[in-house]
Amino acid sequence: MLTFEYKGWKVEIDQGEMNGYATYAVWANHKLGCVVAVPYASSRKEAVTRAKQWIDSRNKKNKV
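So, a few notes on the structure that sits alongside this text.

Cut-offs used in this document
- Residues numbered from 1 in each chain as written.
- Predicted model: local features only at pLDDT ≥ 70, side-chain atom pairs only at ≥ 80, totals over all residues.
- Heavy atoms only, no water.
- Helix = DSSP H or I, 4+ residues; strand = E, 2+ residues; numbered from the N terminus.
- Buried < 20%, exposed > 50% of the residue type's maximum accessible area, 1.4 Å probe, protein only.
- Contact = heavy atoms within 4.5 Å.
- Areas by Shrake-Rupley, 256 points an atom, 1.4 Å probe, with all protein chains shown as cover.
- Lys, Arg positive; Asp, Glu negative; His and termini not counted.
- Charge placed at Lys NZ, Arg CZ, Asp CG, Glu CD.
- Pairing = 2+ DSSP bridges.

Right, let's get into the overall build of the protein. Scanning the protein from terminus to terminus reveals one helix and four strands. Reading the secondary structure of the protein in the N-to-C direction produces β-β-β-β-α. Across its three principal axes, the protein shows a C-alpha extent of roughly 45 × 15 × 15 Å. In the protein, which comprises 64 residues, the proportion classed as buried is 30%. Counting only contacts in the protein whose residues sit at least 6 apart along the sequence, the fraction spanning at least 24 positions is 22%. For the protein, the accessible surface area stands at approximately 4600 Å², while carbon and sulfur atoms represent 51% of it. One way to put it: in the protein the 11 positive side-chain charges average out to a point 11 Å from where the 6 negative ones average out.

Rendered as structure tokens:
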């Protein structure tokens with residue numbers, strides 16, 4: 001599992017397998033709870049990019 005901090009969130013990327021291909025899912029953890037930010041990605045790079053986009057979007061919504 002790959003873990004890193006991003007804008008106040010602890011991001012955890014889990015690798016699995018489907019039909020012989022690597023798959024990735026991302027959990028985003030915050031002080032108030034956690035969520036599956038990316039249920040499926042086909043690469044680690046895609047998973048990281050989409051997780052950061054999800055967090056940026058979530059942070060933007062909470063500031064309004």
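Take the pairing of strand 1 (residues 2–6) next. Of the strand pairs in this sheet, strand 1 and strand 2 (residues 9–18) are connected by five bridges, and their pairing is antiparallel. Residue pairing across strands places Tyr6 opposite Trp9, the latter belonging to strand 2. Hairpin remark: strand 1 followed by strand 2, antiparallel, with two residues in the connecting loop; positive phi at Lys7, about 50 degrees.

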